[in-house]
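Given next are the chains, with one letter for each unit.
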Amino acid sequence: MLLAYDGVEGLAVLFNEEVDLLVLNLMMPRMGGYQVLEIMAKDTELRKIPVLMSTGTSFSRSAYADVPDPFAGMYVEWQERPFNPEAMLKRIRSMLMEA
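Parameters and conventions
Residues numbered from 1 in each chain as written. Predicted model: local features only at pLDDT ≥ 70, side-chain atom pairs only at ≥ 80, totals over all residues. Heavy atoms only, no water. Buried < 20%, exposed > 50% of the residue type's maximum accessible area, 1.4 Å probe, protein only. Helix = DSSP H or I, 4+ residues; strand = E, 2+ residues; numbered from the N terminus. Arc of directions from axis to C-beta. Contact = heavy atoms within 4.5 Å. Core = buried A, V, L, I, M, F, W, Y, C linked by side-chain atoms within 4.5 Å. Polar contact = N/O pair within 3.5 Å; in protein donor to acceptor, adjacent residues only side chain to side chain.

Peer 1: Tell me about helix α2 (residues 33–41), and please be specific about residues and values.
Peer 2: Buried within α2 we find Gly-33, Val-36, Leu-37, Met-40 and Ala-41. What you see down the axis of α2 is that its buried residues fit within an arc of 135°, all on one side. Those residues of α2 that are buried are in contact with α1 (7–16), β1 (22–25), β2 (51–55) and β3 (76–80).

See below:
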């Protein structure tokens, strides 16, 4: 497991380490999770990494059905907080098997 304090450090990890799955917080200092996803989407290798986006806000992709998905073709799932750690681990395992 590799850790990063914020999106800037997270990108440095992504560009320098082999990563199987990214758990990414939406709200972070210096660079938020959405901006990290935007950069990942433009990189042919980074866009292959499954992402579990963690957010303290309610998010529903269906609410934005008429807006083009900027991350189409990427494996991005959303996890609202607070979350059950056991359920989150189960979800991570599932994502790794599907990727």
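Moving on, there is more to tell.
Peer 1: Can you explain the nonpolar core? Please cite residues and give values.
Peer 2: By size, the foremost hydrophobic cluster in this structure holds 18 residues, and its most contacted members are Leu-14, Leu-22, Leu-24, Val-36, Leu-37, Met-40 and Ile-49. Of all the elements in the fold, those that place two or more residues in this core are α1, β1, α2 and β2. Sequence-distant contacts of Leu-14, defined by excluding residues within four places in its chain, comprise Val-19, Leu-22, Val-36, Met-40, Leu-46 and Ile-49. By size, the runner-up hydrophobic cluster in this structure holds five residues, among which are Leu-52, Met-88, Ile-92 and Met-95.

Peer 1: Lay out α1 in plain terms, naming residues and giving numbers.
Peer 2: For α1, the set of buried residues is Gly-7, Gly-10, Leu-11 and Leu-14. For α1, the buried positions fall inside an angular range of 100° around the axis, keeping them on one side. Looking at the buried side of α1, the elements it contacts are β1 and α2. Two to three positions downstream of the cap, the backbone nitrogen of Val-8 sits 3.1 Å from a side-chain oxygen, assigning the N-cap of α1 to Asp-6.

Peer 1: Describe the side chain of Ser-54, and please don't skip the residues or the numbers.
Peer 2: Structurally, the position occupied by Ser-54 is in strand β2. In this structure, Ser-54 is in contact with Leu-24, Asn-25, Leu-26, Gln-79, Arg-81 and Phe-83, ignoring residues within four places of it in sequence.

Peer 1: Give a detailed account of the environment of Met-31, specifying residues and quantitative values.
Peer 2: Along the chain, the position of Met-31 falls in the loop between β1 and α2. In sequence terms Met-31 and Glu-9 are 22 residues apart; their C-alpha atoms lie 9.1 Å from each other. Apart from residues lying up to four places away in sequence, Met-31 is in contact with Asp-6, Gly-7, Val-8, Leu-11, Val-36 and Ile-39.

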